[in-house]
Amino acid sequence: MTMVSTPAGVDLQLKVARRSPLSRARGHLGAMLRRPIAQALVKALLTIYATVTLTFFLIRLMPGNPVDNKIDELVQGGLDYESAAAVASNLFSIDLNAPFHEQYIRFMSDVIRGDLGNSFLATGTSVMSIILSVLPWTLFAVGSGLLLSFTIGTTLGLLAAYKRDSIFDHFFTSVGSFISSIPDYLIALSIILIFGVQLRWLPVAQMRGAYSSGIQPGLTGEFIGDVLFHATLPVLTFFLGTIGIWILSMRGATLATLEDDYVTAARARGLKDSRITTAYVGRNAVLPQISQLAITTGAVVGGAAIIELIFVYQGVGYRLIKAVEQRDYPVMQGIVLVTTTAIVVANLVADLVYSKLDPRIGRAGGATGG
Amino acid sequence: MSGALDFLRQLRKKPTGIAGFAGVLFFFMFALVIPFFVPVMDTPDVSAIYQPPSFPAHPLGTDNQGRDVFNQMIHGGRDILLVALIAALFSTLIAVTFGSLAATLGGRVDQVILAITDVVLTIPTLIVLIVIAAIARPSSFWMLAIILALLQWASLLRAIRAQVLSLKERDFVEAARSLDLGLFHIIFKEMLPNMRSYIVIHFIIAMTNAIYAQAAIVLLGLVPVAGQNWGIMLYNAQVQGALYFRDSLWYILSPILAIALFQLSLVLLAGALEEMFNPRLRSA
């Protein structure tokens, strides 16, 4: 009782006394969870968890699911039900005799250990190794296409906002809204149709694949040149498919920023135009684009399937379509899991970069919602 | 009716809006009304393969099996349009219901709905769609539309939620709340009428998303839809190699242009509406 001298002290002590250890722990957890980085992390884990669950549901529980289908197929092929189920459970590495929740937990723990099972068609080839052999091509093509469109698009958008209502502005705004409303796979088809087949400017048939079959992969100039040659059309499609978004959104963000008080203040202080453009306007207008970049990456990786099929570019999407055609479920399921994880990681990185670049978020917390 | 007239009068000031509106109207007529007056002509004719455009026999030429391209174009839009409409309707319904619930109730409900939204927003729609289509084989367009809607409501929900959050602070909602008119009344009688334009805009955007995803999986050959469809034309062109024939220009360009122009019309209309109803954008 000696400690209690001020009313505030009493209040504090009472509060501490009333709180159970559990609620104190929850308080800690709550404080941690309020930090934007922790929130982003929880969101990421939740998304991956949901995807794994959805995949399990699709493969195992949905009417007409592949496991039941395989058993039916084997039974019709002359096997009795028990041995058919045994073959199927071996193929899918699912213990069909176990109750559903145990199958689910087993599936979950396999996924966490990175064990995505084996391909149906190439016996003994793990799904992981198949994905790892195609993933770099997609990452390379999507990554370079998006990087190019992001840098060029945001620059054009910034300039368009500065030269508002000029011919430059009207031209790039129209081009941007036109091209961003056209589905990217139609752009890909049009490239083949117009530049490959009609005008014959591009040798589209030779450009198929990720690299020419006769060339030895390695860090040689010949191989790198060949890879770039084959990646040109997918990269061009990803570039054209996304540049409109950047022009329009960067233009909008810059126009909004230009009206902000601190820009007027910076002008009044007589700061150089170039400094205002980069440090004041550019930096603040580009912030929202970064979270947009993460969302767009997800959409592009998803949409890449068709682009890769059209150009016969052997990336993840191409492999997915092949797996769908061959009904190779472990590969399908593995590709869904890996691409979702890749997108979740991209989002997480974007969240982190965002909070680094915008100090307000780091301090205030919870500003990421909305 | 006066609302519609007023809308057209306002739209007149926006050239892009008129273009978009005219385009949307045209495609609705073309895909939903004209097919009633034109019989399907899809018997292959080996003697008329890859005919160049000629009027009035084959305005857009013939395809790799000698069928009239223009006829396929007339009958190929209906399914795409209907699926887009149904999918947009369902996703708007989901988004409006749960978005306004999240914003008005707040707290735990809001957190849970937002968390689910974030998850759905992150999952790569098209890849999941490809896998679902591969397993479920959606044969009716209702099923396809519902699958599309279930994958596409998330960004709409976020927008609706943000809108409701800002409306919640307005005086008339405050008044309704102090009169204790109930949650249902507040959402459906006070807030939704004020978000009508907003919902229409997002309905249009949801349609463009549905068309994108739908044409994509049809083009991949994952939907066993019988009959004629712009996406199936592209699928055939891709699979049968017609894409690489010089004579196939009109045959392949027609569905590409139809889908692209329809998408463009929808986007232009949505953009014009947004400028009309959002005074902040209009002044900027």
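Each value, and the rule that gives it
What you see as residue numbers is a count from 1 along each chain, following the sequence as written. The order in which chains are written sets their letters, starting at A; the order in which ligands are written sets their numbers, starting at 1. Residues qualify for local features only when their pLDDT is at least 70, as the model is predicted, and side-chain atom pairs are given and counted only at 80 or more; totals for whole chains, interfaces and linings, by contrast, use all residues. Labels follow the DSSP assignment, with helices taken as runs of H or I lasting at least four residues and strands as runs of E lasting at least two, numbered in each case from the N terminus. Think of it as a crowd count around each C-beta: if 20 or more other C-beta atoms lie within 10 Å the residue is buried, if 12 or fewer it is exposed, and in between it is partly exposed, with C-beta placed from the backbone throughout. Residue pairs are scored as contacts if the distance between their C-beta atoms, which are placed from the backbone, is within 7 Å. Here the nonpolar group is Ala, Val, Leu, Ile, Met, Phe, Trp, Tyr, Cys and Pro; Asp, Glu, Lys and Arg are the charged ones; every other residue, Gly included, is treated as polar. Fitted lines through C-alpha atoms give the axes, limited to the stretch in contact for helices. The angle between two N-to-C directions lies from 0 to 180 degrees. Any angle that falls under 35 degrees is termed roughly parallel, while one over 145 is termed roughly antiparallel, one within 65 to 115 roughly perpendicular, and all others oblique. Crossing handedness is defined as follows: a turn of the near helix away from the far one that is anticlockwise and smaller than a right angle gives a left-handed crossing, while the clockwise case is right-handed. When buried Ala, Val, Leu, Ile, Met, Phe, Trp, Tyr and Cys residues are joined through C-beta atoms within 7 Å, the set is termed a nonpolar core. The pLDDT value tells you how sure the predictor is about a given residue, anywhere from 0 up to 100. Take the residue count of a helix, subtract one, and multiply by 1.5 Å to get its expected span.

In terms of regular secondary structure, chain B is built from 14 helices and zero strands. In chain B, the succession of helices and strands from N to C terminus is α-α-α-α-α-α-α-α-α-α-α-α-α-α. A principal-axis box enclosing the C-alpha atoms of chain B has dimensions of 75 × 45 × 35 Å. Looking at chain B as a whole, 46% of its 284 residues are labelled buried.

A few words now on the overall build of chain A. Broken down by element type, chain A carries 15 helices and zero strands. Classification of the 370 residues of chain A by burial places 36% in the buried group. Sequence-distant contacts in chain A: of pairs separated by 6 or more residues, those separated by 24 or more amount to 68%.

As a further point, take the interface of chain A and chain B. Residue-level contacts link 44 residues of chain A with 40 residues of chain B. For the side of chain A that touches chain B, the secondary structure elements donating two or more residues are α3 (36–61), α8 (167–180), α9 (184–198), α12 (273–310), α13 (316–326) and α14 (329–357) of chain A. Here the residues of the side of chain A that touches chain B are counted per class, giving 27 nonpolar, 16 polar and one charged.

On to unusual backbone geometry, then. Residue and element names in this part refer to chain A. With a phi close to 55°, Arg 200 is a non-glycine residue in the positive phi region. Locating Arg 200 in the fold gives a position in the loop between α9 and α10 (221–258). A positive phi angle, near 50°, is found at Val 312, a position not held by glycine.

Residues and elements named next belong to chain A. Two elements in contact, helix α4 (residues 66–76) and helix α5 (residues 81–91), have axes separated by 9 Å at closest approach and are oriented at 135°. Relative to α5, the element α4 lies oblique. Read as a crossing pair, α4 and α5 show a hand that is right-handed. Where α4 approaches α5, its residues Val 67, Lys 70, Ile 71, Leu 74 and Val 75 are matched on the opposing element by Tyr 81, Ala 84, Ala 85, Val 87, Ala 88 and Leu 91. Here the residues of the contact of α4 with α5 are counted per class, giving 10 nonpolar, no polar and one charged.

This next bit is on the nonpolar core. By size, the foremost hydrophobic cluster in this structure holds 166 residues, and its most contacted members are Leu 189 of chain A together with Ile 130 of chain B. Residues in contact with Leu 189 of chain A, not counting those within four places in the same chain, are Ile 310 of chain A together with Leu 234, Leu 243, Ile 252 and Ile 256 of chain B.

Here the focus is helix α9 (residues 171–178) of chain B. The element α9 of chain B is largely exposed, with a buried count of zero among its eight residues. A positive backbone phi angle near 60° is found at Asp 180 of chain B, which sits one or two residues after α9 of chain B.

Of note, Ala 270 of chain B is situated in helix α13 (residues 249–277). In sequence terms Ala 270 of chain B and Ala 48 of chain B are 222 residues apart; their C-alpha atoms lie 42 Å from each other.

With that settled, the discussion passes to the confidence of the model for chain B. Confidence in the prediction for chain B averages 84 pLDDT; 95% of positions are at 70 or higher. For this predicted complex, the interface confidence comes out at an ipTM of 0.86, alongside a pTM of 0.83.

This paragraph deals with the packing of α9 of chain B against helix α10 (residues 183–191) of chain B. Residue and element names in this part refer to chain B. In contact at an axis separation of 10 Å, α9 and α10 are set at 150° when each is read in the N-to-C sense. The angle between α9 and α10 falls in the class roughly antiparallel. Judged by the twist between their axes, the crossing of α9 over α10 is right-handed. Residue-level contacts link Phe 172, Val 173, Ala 176 and Arg 177 of α9 to His 185, Ile 186, Glu 190 and Met 191 of α10. Here the contact of α9 with α10 is composed, by residue class, of five nonpolar, one polar and two charged.

Another aspect to go through is the confidence of the model for chain A. Looking at chain A, pLDDT values average 79 and 86% of them are 70 or higher. This stretch, residues 1–17 of chain A, has a pLDDT under 50; its non-local contacts, to residues over four places away or in other chains, come to four contacts.

Turning our attention to helix α8 (residues 154–168) of chain B. Residues and elements named next belong to chain B. For α8, built from 15 residues, the straight-helix expectation of 21 Å at 1.5 Å per residue is met to within 8% by its first-to-last C-alpha distance of 21 Å. Of the residues making up α8, those classed as buried are Ala 154, Leu 156, Leu 157, Ile 160, Arg 161, Gln 163, Val 164 and Leu 167. Looking at the buried positions of α8, the neighbouring elements they touch are α4 (78–105), α5 (107–122), α9, α10 and α11 (196–219).

All names here are of chain A. Take Gly 334: it is sitting in helix α14. Separated by 206 residues in the primary sequence, Gly 334 and Met 128 place their C-alpha atoms 7.3 Å from one another. When near neighbours in sequence (up to four residues on either side) are disregarded, Gly 334 contacts Leu 116, Val 127, Met 128 and Ile 131.

All names here are of chain A. Take Asp 328: it is sitting in the loop between α13 and α14. By C-beta crowding, Asp 328 is classed as buried, having 23 other C-beta atoms within 10 Å. It is 29 Å that separates the C-alpha atoms of Asp 328 and Gln 216, two residues lying 112 residues apart in sequence. In this structure Asp 328 touches Ser 119, Phe 120, Leu 121 and Ala 323, once residues within four positions along its chain are discounted.

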